[in-house]
Amino acid sequence: PVTAVLSLRNGGGGTTVAINLAFLLRRTFDRISLIDLSTFGGNIGSYLHLPLRASWADLLTLGDTLDARAISAALTAHPQQGIGVLGSPSTPPSRSLSADATVSLLTTLAMGFQQIVVDINTLTPASIATLLVAHSVLCVVGDDLAAVQANSSLAQTLQSVGVNPQQVRIIVNRSRLEVGMSTAAISSALGLPIAAELPYDVNQLQ
């Protein structure tokens, strides 16, 4: 039960979408897990004003088969009951979680959580493994020219790592007051249909 939220450009709004998606799913499901797979310095903890007691890097010493108790110990419970958060390390770790360790992590979490939302901003063995098992891959793209150019090869990149195109949904995030590129122009530049568009919200910084 994994939804991957992918934003390959910093500031694109992927983390904000992942957090809000987790809380939206919490309205329907009792147990949600939110994972920050940033290589280091992810923002989920700070955005939630939640001191994280551990990160995925604390699981690196466990090898490819992760212990359920260690995973549980690495999770931080959000004050809103039912959301367990696994953050990213504050400093660069020696390596990423392996693909096998990531599948072990997600499989173990799925035994206790009904939905798992994973925030991804770079392609590592861990994030690629997540993309391959996710039932949906939400690609968050900004509406400015630089953001669209940064994602111009998104379709080819996802195809090259084996992601099923039918699982991919492109989300246009309008995070600026200024009018950006049209949805049709973004779709044409990416060569992919647009599944949803998030309008600009003057209160989004709060």
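Residues numbered from 1 in each chain as written. Predicted model: local features only at pLDDT ≥ 70, side-chain atom pairs only at ≥ 80, totals over all residues. Heavy atoms only, no water.

A.B. asks: Go over the pattern of salt bridges, please, and point to the residues and values.
C.D. replies: The full count for this structure, using the stated rule, is 4 salt bridges. Between Arg176 and Asp143 there is a salt bridge, with the nearest N and O atoms lying 3.4 Å from each other. Taken together, the residues Arg176 in the loop between β7 (168-173) and α8 (183-190) and Asp143 in the loop between β6 (136-142) and α6 (145-150) connect sequence positions 33 residues apart. Given a relative accessible area of 2%, Asp143 falls into the buried group. (Salt bridge = Lys/Arg side-chain N within 4 Å of Asp/Glu carboxyl O. Helix = DSSP H or I, 4+ residues; strand = E, 2+ residues; numbered from the N terminus. Buried < 20%, exposed > 50% of the residue type's maximum accessible area, 1.4 Å probe, protein only.)

A.B. asks: Talk me through the sheet that holds strand β3 (residues 76-77); I want residue IDs and the actual numbers.
C.D. replies: Strand order in the open sheet formed by 8 strands is β3-β4-β2-β5-β1-β6-β7-β8, with mixed pairing between adjacent strands. The sheet is open, and its two borders are formed by β3 and β8 (194-198), each paired with just one other strand. Strands β1 (2-6), β5 (115-120) and β6 of the sheet are contacted by helix α5 (residues 125-133), whose axis makes an angle of about 135 degrees with β5. In the packing of α8 onto the sheet, the strands contacted are β6, β7 and β8, and the crossing angle to β8 comes to about 135 degrees. (Pairing = 2+ DSSP bridges. Contact = heavy atoms within 4.5 Å. Axes fitted to C-alpha atoms, helices over the stretch in contact; angles between N-to-C directions.)

A.B. asks: Explain the pairing of strand β4 (residues 83-86) to me, and be specific about the residues and the numbers.
C.D. replies: Burial along β4 is two-sided: the residues Ile83 and Val85 and Gly84 and Leu86 are all buried. Direction of pairing for β3 relative to β4: antiparallel, over a ladder of 2 bridges. Its bridge partner lying in β4, Thr76 is registered against Val85. Hairpin connection from β3 to β4: 5 residues lie between these consecutive antiparallel strands, with Gly82 at a positive phi of about 105 degrees.

A.B. asks: Go over the pairing of β7 with me, naming the residues and quoting the values.
C.D. replies: The buried fraction of β7 is high, at 5 of 6 residues. Pairing of β6 with β7 involves 6 bridges; the strand directions are parallel. Counterpart to Val137 in the pairing with β7 is Val168. In this region the chain leaves β7, passes through α8 and returns to the parallel neighbour β8; the handedness of that crossover is right-handed. (Right-handed = clockwise from strand over helix to strand, strands pointing away.)

A.B. asks: Provide a residue-level description of the side chain of Thr124, including the pertinent values.
C.D. replies: Tracing the chain through its elements places Thr124 in the loop between β5 and α5. Note on Thr124: relative accessible area 12%, which makes it buried.

A.B. asks: Give a detailed account of the side chain of Thr15, specifying residues and quantitative values.
C.D. replies: Examined against the element boundaries, Thr15 turns out to sit in helix α1 (residues 14-26). Discounting chain neighbours no more than four positions away, the residues touching Thr15 are Asn43, Ile44, Tyr47 and Asp119.

A.B. asks: Describe unusual backbone geometry, listing the residues and the values that go with them.
C.D. replies: The phi torsion at His49 lies on the positive side, around 55 degrees, for a residue other than glycine. Within the secondary structure layout, His49 lies in the loop between α2 (44-47) and α3 (68-74). For His49, a relative accessible area of 73% puts it in the exposed group.

A.B. asks: Explain α1 residue by residue, including any values.
C.D. replies: Think of an α-helix as 3.6 residues a turn; residues three or four steps apart then line up on the same face. If you check α1, its first and last C-alpha atoms are 18 Å apart, about what 13 residues at 1.5 Å a residue would give, namely 18 Å. Inspection of α1 places Gly14, Thr15, Val17, Ala18, Ile19, Leu21, Ala22 and Leu25 among the buried residues, and these make up the whole buried set. (Expected span 1.5 Å × (residues − 1).)

A.B. asks: Quick one: what's the story with the packing of helix α4 (residues 99-110) against α5, residue by residue and with numbers?
C.D. replies: Across the interface, α4 lies against α5 with an axial gap of 8 Å and an inter-helix angle of 50 degrees. Regarding the angle of α4 to α5, the classification is oblique. Handedness of the crossing formed by α4 with α5: right-handed. Contacts from Ala99, Thr102, Val103 and Leu106 of α4 reach α5 at Pro125, Ala126, Ala129, Thr130 and Val133. The class makeup of the residues in the contact of α4 with α5 is 7 nonpolar, 2 polar and no charged. (Parallel < 35°, antiparallel > 145°, perpendicular 65-115°, else oblique. Left-handed = near helix turned anticlockwise from the far one by under 90°. Nonpolar A, V, L, I, M, F, W, Y, C, P; charged D, E, K, R; others polar.)

A.B. asks: Describe α8, listing the residues and the values that go with them.
C.D. replies: Buried within α8 we find Ile186, Ser187 and Leu190. All buried residues of α8 lie within an arc of 100 degrees about the axis, which places them on one face of the element. Facing away from the buried side of α8, by more than 90 degrees, are the exposed residues Ala184 and Ser188. On its buried face, α8 sits against β6, α6, α7 (154-160), β7 and β8. Of the residues flanking the end of α8, it is Gly191, one or two places downstream, whose phi is positive at about 70 degrees. (Arc of directions from axis to C-beta.)

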